[in-house]
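Here are the chains, one letter per residue:
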Amino acid sequence: MRGLMMETPLLVSSLIRHAALNHGDTEIVSRDAAGVIHRYTYADAYARACQLANALTSVGIGETDTVATMAWNDHRHFEAYYGISGIGAVCHTINPRLFHEQIRYIINHAADSYVLFDPAFIKMIELHAGDCKLVKGWIALCDRRAMPESSLENLICYEDFIGGRPTTYDWPTLDENSASGLCYTSGTTGDPKGVLYSNRSTVLHAMACALPDALGLSERETIMPVASMFHVMAWGLPYSAALVGAKLVLPGPKLDPESLLTLIEEEGVTMSAAVPTIWLALAQYLKQTGRNLGTLKEIIVGGAACPKSLIATFERDFGVNVLHAWGMTETSPLGTVGRLKASHDGASADGKLDLKSK
């Protein structure tokens, strides 16, 4: 016997629509390569995601088509996450740090129709364009003034592409098990392997990440994903942040300690996520300069094992809780989070540190 409750499919488009309706005035802040800060709200991001959806639909992109991104963590990349998946297409995030032959391989293997890229990657795009015959257009994520010089015939300006389009879109009611995202492994054994996420898995992952005993996200947080949006969807944080309505700070390509600390201080960042090398460099910078982490309360460390000494440094010297996380491309990517349980409350400080460093 089936229940009689309303059945609503779990769709990526529902996340950004929810954020716009219920947290429409909450800020999304991003910084470009030149250090220029861009500010707008979830309502603004939703409107522009609708414009992108309209633009993609106008050039024939629809369900099952694959549209790629190769970009840093910024507001246009955020819009692409939702504008692409929302219409039923697949958002394929390309890691520019892969070998050139691997990038060329995955663009062709994924059958990408369009590639949205940061202008900084223009030389890389030019290197691959001639061998990627299925790509109909290369869309530079910038306005007309910042367009890179290039001889590419099918080079498109993002702001021109979405400009003037309607700021509303009738998002289709998709099968929640239809594909929404595509991430490739780093190819340590043979060619990179594509992992195809569904709308359902992406929304459930966003919900799971936000739970108190996972990452503990809420509308009160200001989240800065340093983990790349081209690396397993920035660990799902662009989705979870929209789900809970948290302020989102996107740091762009400048990930040196001073640049990150400036954003933490100026934007009131309370939680951030990155690989151990980022946090090691920041800890060293703090000790050298005598500065502190201000509003930052918690950091998520993943991508590699976090040294026990680094956990101790952040917790004892800077008063920042460290969450040791593990996952894989195949797990969307969060698999486990080392948040202490109530049964650990009586453990010694060293005992707790041993548990956190597992």
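See the structure shown above.
What you see is a predicted model, and the numbers here were worked out from it, not measured in a lab.

**With respect to the overall build of the protein chain**
No. 1: Helix and strand content of the protein chain: twelve helices and 15 strands.
No. 2: Since a compact globule built from 358 residues should have a radius of gyration of about 21 Å, the 20 Å found for the protein chain is in line with a globular shape.
No. 3: C-alpha atoms of the protein chain, sized along the principal axes, occupy 60 × 60 × 45 Å.
No. 4: Burial analysis of the protein chain (358 residues in total) assigns 56% to the buried set.
No. 5: On the protein chain, roughly 15,500 Å² of surface is accessible, and the fraction owed to carbon and sulfur atoms is 53%.

**A look at the packing of aromatic side chains**
No. 1: Within this structure, the stated rule accounts for ten aromatic pairs.
No. 2: With 5.9 Å between their ring centres and 85 degrees between their planes, W279 and F314 make a pair best called edge-to-face. Taken together, the residues W279 in helix α10 (residues 276-289) and F314 in helix α11 (residues 308-317) connect sequence positions 35 residues apart.
No. 3: An aromatic cluster of at least three residues, connected via ring pairs, comprises Y42, F78, Y81, Y82 and Y239.

**Looking at empty space enclosed by the protein**
No. 1: In this structure the tally under the stated criterion is one cavity of 30 Å³ or more.
No. 2: Empty space within the largest cavity amounts to approximately 50 Å³.
No. 3: Lining the largest cavity, in full, are Y197, T202, H205, M233, G236, Y239 and S332.

**Notes on the pairing of strand β13 (residues 298-301)**
No. 1: Side-chain alternation along β13 places E298 and I300 on one buried face and I299 and V301 on a second face that is also buried.
No. 2: Regarding topology, α10 serves as the crossover connection from strand β12 (residues 271-274) to the parallel β13, and that connection is right-handed.
No. 3: Across four bridges, β13 lies against strand β14 (residues 321-327) in parallel orientation. The partner of I299 across the bridge, within β14, is V322.
No. 4: A crossover links β13 with its parallel partner β14, the connecting element being α11, and its sense is right-handed.

Rules used in this analysis
- Residues numbered from 1 in each chain as written.
- Predicted model: local features only at pLDDT ≥ 70, side-chain atom pairs only at ≥ 80, totals over all residues.
- Heavy atoms only, no water.
- Helix = DSSP H or I, 4+ residues; strand = E, 2+ residues; numbered from the N terminus.
- Rg over C-alpha atoms; globule rule 2.2 N^0.38 Å.
- Buried < 20%, exposed > 50% of the residue type's maximum accessible area, 1.4 Å probe, protein only.
- Areas by Shrake-Rupley, 256 points an atom, 1.4 Å probe, with all protein chains shown as cover.
- Phe/Tyr/Trp six-rings, centres within 6.5 Å; stacked < 30°, edge-to-face > 60°.
- 1 Å grid on protein atoms, 1.4 Å probe; cavity = no way out; pocket = protein on both sides within 12 Å on 5 of 7 lines; lining within 4 Å.
- Points joined across faces, edges and corners; volume = space filled by probe spheres on them.
- Right-handed = clockwise from strand over helix to strand, strands pointing away.
- Pairing = 2+ DSSP bridges.

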